[in-house]
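# Structure at a glance
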Amino acid sequence: MSQPPATPSPLAPPAPSSGLGFAASYARLVADHVRARDLDARPVLAALGLDLASDDADGSTPALPDSPIGGSDASTRWVPATRLAEGLAVAAALCGDPHTALHIAQQVRPANMGALGYTLISCAAFDNGLALFERLQSLICTQVRAVHVLQGERIRSRLEPLGEVPRDTALWTFALATRLAFARWVSGRHLVLDAVWLPCPAPADPAPLQAYFGCPLHFNADVASELAPAAWLNLPNPHADPHMHRLMSAVTDQQWAQQAQDGSRLATVLRQHIAARLLAGHLPLLEDVAPEVEADLGASPRQLQRRLAEQNLSFKDLVEQVRRDQVLHELRHTTLALADIAQRAAYAEPSSLHRAVRRWTGQTPLAIRQAPRTPETDDPSPT
């Protein structure tokens, strides 16, 4: 596990929102854990880039937040993955426990997921909840998108990153353990996955993580993924509540509609669909993703065209940005062959990938892969 960074000043200003990251109500689990141990949570909030003034006096998360993340300040809406990893490292240092991320993950509750959490927990059955999560998951996270595929008697879930997501052990422990913790809490059962793949090194002592998951764990994977029994889809939900489900579905739909009017939200949704197409080996056109964006945001293809023009967004430029982020991330953080990286970015041949990388960085793919990592090289923003 990476060493915790120096504790930042509690007066550090929050980072500006980029539209990519984890909902602040979810990220605040880290600060809540530190506070529950009677420790000063301000260094954690500063590491997360959250506005200290907007944090509740007693540190609690509102039960029914009136925004997707339990706060109205747009600058604190999303916590980027790099910030969340830093916050987890600071929390581990303050608590003196290298397994802090695992302990925090087990505390996840619906309130940490906003109105969507209550909508999910009140579903009639798991299959309803999974379909709902598949459609609305970006109310909770816009930087990692879970894709679920039924394969015979198993469900394969892949967590595809968007933008710079560090291969940090604490971060991926937190992300994957919260998914299982929430499923166990909702079902009232000790669910055990068939296998888990984590895109990070194994912790120095993997025993606690192994004991929690109770299934084979594979580290240093190229992409995070889970394999679960398809029979889970038929499990009844002991918390099912039709009245609450109708109420919270209305709140969730309202939040979704509000986000749909956000320019950064439009770009984020487009980037997610572009990334999914690229990973399947297809270079997307606007008309290809327009029906999916309409399902997500309720915007017709004509409205989508108008909103892109109003916000001076170019679909072609978005495709280039997603390609760049994906390729550079995989060069720096995976062992995928260059031919595979080219195929996953919808390049016809590796030579096209070489030319693109040179255009973006002035370097060859091999030089990018062999270069030591720095904050500058981790920056996924276009040059």
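Going by the structure above, here's the rest.
Structure report, in brief. Residue positions are given per chain, counting from 1 as you read along its sequence in written order. Thresholds applied to this predicted model are a pLDDT of at least 70 for local features of residues and 80 or more for the giving and counting of side-chain atom pairs; totals over whole chains, interfaces and linings are not thresholded and use all residues. Water and hydrogen atoms were dropped before computing side-chain values, which therefore reflect all heavy atoms in the structure.

### Focus on the side chain of Asn-237
Topologically, Asn-237 is positioned in the loop between strand 7 (224-229) and helix 9 (242-260). One polar contact links the side chain of Asn-237 to the main-chain carbonyl oxygen of Ile-121, over a distance of 2.6 Å. Any N or O atom pair separated by 3.5 Å or less is treated as a polar contact, with the protein-specific requirement of one donor-capable and one acceptor-capable atom, and with residues adjacent in sequence counted only for side-chain atom pairs. Looking at Asn-237, its side chain comes within polar contact range of the main-chain nitrogen of His-239, at 2.9 Å. Any pair of residues with heavy atoms lying within 4.5 Å of one another is described as a contacting pair. Aside from chain neighbours lying at most four places away, what touches Asn-237 is Leu-120, Ile-121, Ser-122, Cys-123, Ala-124, Ala-125 and Val-186. Secondary structure elements follow DSSP: runs of H or I of four or more residues count as helices, runs of E of two or more count as strands, with numbering from the N terminus.

### Observations regarding the sheet that holds strand 3 (residues 144-151)
Spatially, 3-4-7-5-6 is the arrangement adopted by the 5 strands of the open sheet, whose pairing is mixed. Only two strands of the sheet have a single partner each, and these edge strands are strand 3 and strand 6 (217-218). Note: strand 5 (residues 195-197) against strand 7, 3 bridges, orientation antiparallel. Bridged to Trp-197 within strand 7 is Ser-225. In this scheme, strands are said to pair when DSSP sees at least two bridges between them.

### Here we look at helix 6 (residues 126-136)
Only protein chains enter the area calculation, which uses a 1.4 Å probe; residues under 20% of their type maximum are buried, those over 50% are exposed, and those in between are partly exposed. Those residues of helix 6 that fall on the buried side of the exposure criterion are Phe-126, Gly-129, Leu-132, Phe-133 and Leu-136. Viewed along the axis of helix 6, the buried residues span an arc of 125°, placing them on a single side of the element. The directions from the helix axis to the C-beta atoms are what the arc is built from.

### Some remarks on the pairing of strand 4 (residues 154-161)
Successive side chains on a regular strand alternate, one facing one side of the sheet and the next facing the other. Both strand 3 and strand 4 contribute to a ladder of 8 bridges, which runs antiparallel. Considered in strand 4, the bridge of Ala-146 is made with Leu-159. Between strand 3 and the antiparallel strand that follows it, strand 4, lie 2 residues; Gly-152 among them carries a positive phi value of about 65°. Direction of pairing for strand 4 relative to strand 7: antiparallel, over a ladder of 6 bridges. What sits directly across from Ser-157, in strand 7, is Glu-226.

### Structural notes on empty space enclosed by the protein
Cavity means a closed set of points on a 1 Å grid over the protein atoms alone, one where a 1.4 Å probe fits but cannot get out, pocket means an open set with protein on both sides within 12 Å along at least 5 of 7 lines, and lining means a residue has an atom within 4 Å of a point. Grid points are joined across faces, edges and corners, and a volume is the space filled by probe spheres set on the points. Under the defined criterion, the tally for this structure stands at 5 cavities of 30 Å³ or more. Its volume calculated, the largest cavity comes out at about 800 Å³. Forming the walls of the largest cavity are 34 residues, and the residues nearest its centre are Leu-130, Phe-133, His-148, Arg-179 and Phe-182. Elements supplying a minimum of two residues to the lining of the largest cavity: helix 6, strand 3, strand 4, helix 7 (169-187) and strand 7. Per-element tally for the lining of the largest cavity: the top contributor is helix 7, with 8 residues. Taken together, the residues of the lining of the largest cavity sort by class into 26 nonpolar, 6 polar and 2 charged. Forming the boundary of the second largest cavity are 22 residues, of which Glu-160, Pro-161, Leu-162, His-329 and Glu-330 lie nearest the centre. Breaking the lining of the second largest cavity down by element, the ones donating at least two residues are strand 4, helix 10 (263-279) and helix 13 (315-333). The element contributing the most residues to the lining of the second largest cavity is helix 13, with 5 residues. Residues were grouped as follows: Ala, Val, Leu, Ile, Met, Phe, Trp, Tyr, Cys and Pro as nonpolar; Asp, Glu, Lys and Arg as charged; and all remaining residues, including Gly, as polar. Along the lines of polarity and charge, the residues of the lining of the second largest cavity split into 12 nonpolar, 4 polar and 6 charged.

Geometric descriptors of this kind do not, in isolation, establish any biological role.
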